[in-house]
Structure formats: structure tokens, C-alpha cells
Amino acid sequence: LPSPLPGHDLATIVHHSIVDSSAVVFNILLLIAVILRSPSSLRSYKVLLINSAIIDLLSSFTMLMSMVRIIPVRHVVAYVYDGPCAYVSGIFCHCLYTILLATLSQSLFLIALSFFYRLYILGRPSPSNKVMFLVCLIFSLPNLIIVTTFMFTLDDPSEVRAQLSELRPEYDLDDYLVEGHASIFNVKTMFTILAMTMPIGPTVILILIVRGKVLTFQSMLPIFFSGAVGSYALCQFDIVCSPVQEHFVFECVSFMAFFAPMITLYCMIPYKE
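Please read these numbers as outputs of a predicted model, since none were measured by experiment.

## Focus on the packing of aromatic side chains
Thinking step 1. Per the stated rule, a full pass over the model turns up 10 aromatic pairs.
Thinking step 2. Linked through ring pairs, Phe26, Phe224, Phe255, Phe258 and Phe259 together constitute an aromatic cluster.
Thinking step 3. Sitting over the face of the ring of Tyr266, Lys272 holds its NZ or CZ atom 4.2 Å from the ring centroid.

Below you can see the structure in the form of C-alpha cells.
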């Protein structure tokens, strides 16, 4: 990292240090509460809660370790790392980033699944633990594909820097660890981008529809994901972008793993007690 550190980098380091570390603590507390204090009436919903807590824990931990700033512009996507992973290697940072993307997407799917679960059990018996585990596994398949494909999509960092210097000549990134894609127009990279951005619209619409029957604070969580996707799109299409906006993509989405366990701990009486 450069010295002195630019203000936008310092702000994002402070943000992730506070929000992500707090999210790690809250998700660990939620895991303990669900495992030790779940009443028998919750039954299979416990499987969903454990799954969600583990996914959000992984999300917040990988975000804390990477503190990634994404620079999407036209056909290029670059990743600049401010987190501790930068002192290990670019490959290590990219592995963390890949897990981060998969867990963020999975967290969104699990929020939607929790709505449909609560709607399903209105007037019906709860599904068995095995059925609930199988459903969670099926919902995780797209993100397992992301982990197994996107992990091996990095281009030569010097090529990424060369492309970025043409498109963003005002950026001085010489003292940063930079990884990324000189062109997003290959199957693996494009699949990941579409898998991360396309589901948010239909998912939010479905949640809002179901929310009319199962009211919950969780319906607000996808707003943070929507803000991140919107900010990313504005940069990728080169409409409007800035370093602050590039940091904002993951600063915004980090609130999902932060608020999700707090909502569950506060709204579900056995865990609140």
C-alpha cells in the first residue's frame, strides 16, 4: 500500500475493520444461539439458520481479509486489495474474493428461501431436516460453480494494469496489489458477472411479493445488494465512477452479513433471551 494512504483507502479500511469484524462476532453468536437454544418448534428452520449464519460468517471474514476495491470499466475489471491478504499474494487474495462472491450470492438466495419457508409452513407441517438440507444444497449449486470456475480466470496483472492505465490514466496504482481481467468477454468471467448481477431483480421482486404475507425486517437486506450492483453497473458501463464509488460496491454489500444475524437475534425470542 502507498504511504501516506489516500483518504478513500483509509476510509474503506476503517469501514471494513468495524463492520466486517462486528459481523463475524454477530454471526458466531447466532451460530451458538441456534445450536444451543433452538426450541423443538423450529425444527428444520434451524438447518436454514445455521446455513445462513455460516455463509454470512464466511462472507464477512473474506471481506475483512481482502477489503477489495473493484474497478470495472468497459471491458476491464480490476481488483485492488487493501486488506491483509495483500501481504500474502495476489492468488490468495483472488481465492478469498472468489469465496466472497459465492457467499454473497448464496446469502441472497437464502434470504429468499427463508421467506418461502415461512410462507410454506402456514397451514402445513414443517419439512424434515433432510429435505431442508437438500433444498439448501440445491440452492448452493450455482455458487459452487462460481467457486470452481472463477478461481482460475485471472489474467496477467501487467496486462490488466496496461489496459487500466489507458482507461483510467488518472489512477496511480503502482504501490497496490492489482489483479483482474483484461477482458470480461470470456465464458467463465461473464458467467460469474451475470450470476452475481442478474438474480437480484427477480429475487427482490419475489421477496416483496411474499413480504405482504410474511412481514419481516429481512426484506430490507437485498437493498444493500441492489446498491452494490447498481454502483458496479455505472462503473462497468463507464457512465459515472470514482474511487469512492468503487470502494462503495463492497462497503454497501458488507452490511448484509452485518445486519442479518442482528435481525435474527433480535426478532426471534429464544435467541434474544
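## What about the state of the cysteines?
Thinking step 1. Under the defined criterion, the tally for this structure stands at two disulfides.
Thinking step 2. The connectivity of the disulfides in the protein is 1-2, 3-4, where the numbers refer to bonded cysteines in sequence order.
Thinking step 3. Cys252 carries a free sulfur, and the closest cysteine sulfur to it, the one in Cys235, is 13 Å from it.
Thinking step 4. Residue classification places Cys252 among the buried residues on the basis of a relative accessible area of 7%.

## Points about the environment of Val24
Thinking step 1. Positionally, Val24 belongs in helix H1 (residues 7–37).
Thinking step 2. Sequence-wise, Val24 and Lys272 are 248 residues apart; in three dimensions their C-alpha atoms are separated by 18 Å.
Thinking step 3. Setting aside residues no more than four positions away along its own chain, Val24 makes contact with Leu57, Ser60 and Phe61.

## Comments concerning the sheet that holds strand S2 (residues 76–81)
Thinking step 1. Strand order across the open sheet formed by three strands is S1-S2-S3, with antiparallel pairing between neighbours. Lying at the two open borders of the sheet, with one neighbouring strand each, are strand S1 (68–73) and strand S3 (177–181). Across the sheet, the mean angle from the axis of one strand to that of its neighbour is 20 degrees, orientation sign disregarded.

## Here we look at unusual backbone geometry
Thinking step 1. Here the residue pair Ser3 and Pro4 is connected by a cis peptide bond, since its omega of 0 degrees sits within 30 degrees of zero.
Thinking step 2. Here Pro4 is to be found in the segment before H1.
Thinking step 3. Backbone geometry at Met67 places phi at a positive 45 degrees, although glycine is not the residue there.
Thinking step 4. Examined against the element boundaries, Met67 turns out to sit in the loop between helix H2 (45–66) and S1.
Thinking step 5. Residue classification places Met67 among the buried residues on the basis of a relative accessible area of 5%.
Thinking step 6. The phi dihedral of Asp238 falls on the positive side, at around 55 degrees, and the residue is not glycine.
Thinking step 7. Along the chain, the position of Asp238 falls in the loop between helix H8 (222–236) and helix H9 (243–267).
Thinking step 8. For Asp238, a relative accessible area of 29% puts it in the partly exposed group.

## Concerning the pattern of salt bridges
Thinking step 1. Going through the model one piece at a time under the given rule, you end up with three salt bridges.
Thinking step 2. Here Arg69 and Glu246 are joined by a salt bridge, their closest N and O atoms 2.8 Å apart. Pair noted here: Arg69 is in strand S1 and Glu246 is in helix H9, with a separation of 177 residues, a long-range link.
Thinking step 3. The residue Asp238 makes a salt bridge to Arg168 at a minimum N-O spacing of 3.1 Å. Taken together, the residues span a long stretch of sequence, with Asp238 in the loop between H8 and H9 and Arg168 in the loop between helix H5 (157–167) and S3 at a distance of 70 residues.

## Quick notes on the UniProt feature "transmembrane region" (unreviewed entry) in the protein
Thinking step 1. UniProt marks residues 13–36, 48–71, 91–119, 131–154, 190–209, 221–242 and 248–269 with the feature "transmembrane region" (unreviewed entry), using the numbering shown here.
Thinking step 2. As a span, residues 190–209 carries 90% helix and 0% strand, and end to end its C-alpha atoms are 30 Å apart.
Thinking step 3. Helix makes up 95% of residues 248–269 and strand 0%, whereas the separation of the span's terminal C-alpha atoms amounts to 34 Å.

## Brief notes about the packing of helix H6 (residues 187–197) against H8
Relative placement of two packed helices is described by the angle separating their axes and the distance separating the axes.
Thinking step 1. Look at H6 against H8: their axes get within 10 Å of each other, and the N-to-C directions meet at 135 degrees. What the angle tells us is that H6 and H8 run oblique. Contact residues: H6 offers Ile193, Met196 and Thr197, while H8 offers Phe225, Val229 and Tyr232.
Thinking step 2. The residue makeup of the contact of H6 with H8, split by class, is five nonpolar, one polar and no charged.

## Let's talk about the nonpolar core
A general feature of soluble globular proteins is that nonpolar side chains tend to end up buried together.
Thinking step 1. Ranked by size, the top nonpolar core spans 37 residues in total, and within it Ile70, Tyr79, Tyr97, Leu104, Phe225, Phe250 and Val253 carry the most contacts.
Thinking step 2. At the level of elements, S1, S2, helix H3 (90–120), helix H4 (129–150), H6, helix H7 (200–211), H8 and H9 are the ones that each hand at least two residues to this core.
Thinking step 3. No other element matches H3, which puts 11 residues into this core.
Thinking step 4. Within the second largest apolar cluster, 19 residues are counted, among which are Leu30, Leu42, Ala53 and Tyr271.

Rules of the game
Residues numbered from 1 in each chain as written. Predicted model: local features only at pLDDT ≥ 70, side-chain atom pairs only at ≥ 80, totals over all residues. Heavy atoms only, no water. Phe/Tyr/Trp six-rings, centres within 6.5 Å; stacked < 30°, edge-to-face > 60°. Lys NZ or Arg CZ within 6 Å of the ring centre and 35° of its normal. Disulfide = S-S within 2.5 Å. Buried < 20%, exposed > 50% of the residue type's maximum accessible area, 1.4 Å probe, protein only. Helix = DSSP H or I, 4+ residues; strand = E, 2+ residues; numbered from the N terminus. Contact = heavy atoms within 4.5 Å. Pairing = 2+ DSSP bridges. Axes fitted to C-alpha atoms, helices over the stretch in contact; angles between N-to-C directions. Salt bridge = Lys/Arg side-chain N within 4 Å of Asp/Glu carboxyl O. UniProt positions renumbered as here; feature names shortened; annotations may be inferred. Parallel < 35°, antiparallel > 145°, perpendicular 65-115°, else oblique. Nonpolar A, V, L, I, M, F, W, Y, C, P; charged D, E, K, R; others polar. Core = buried A, V, L, I, M, F, W, Y, C linked by side-chain atoms within 4.5 Å.

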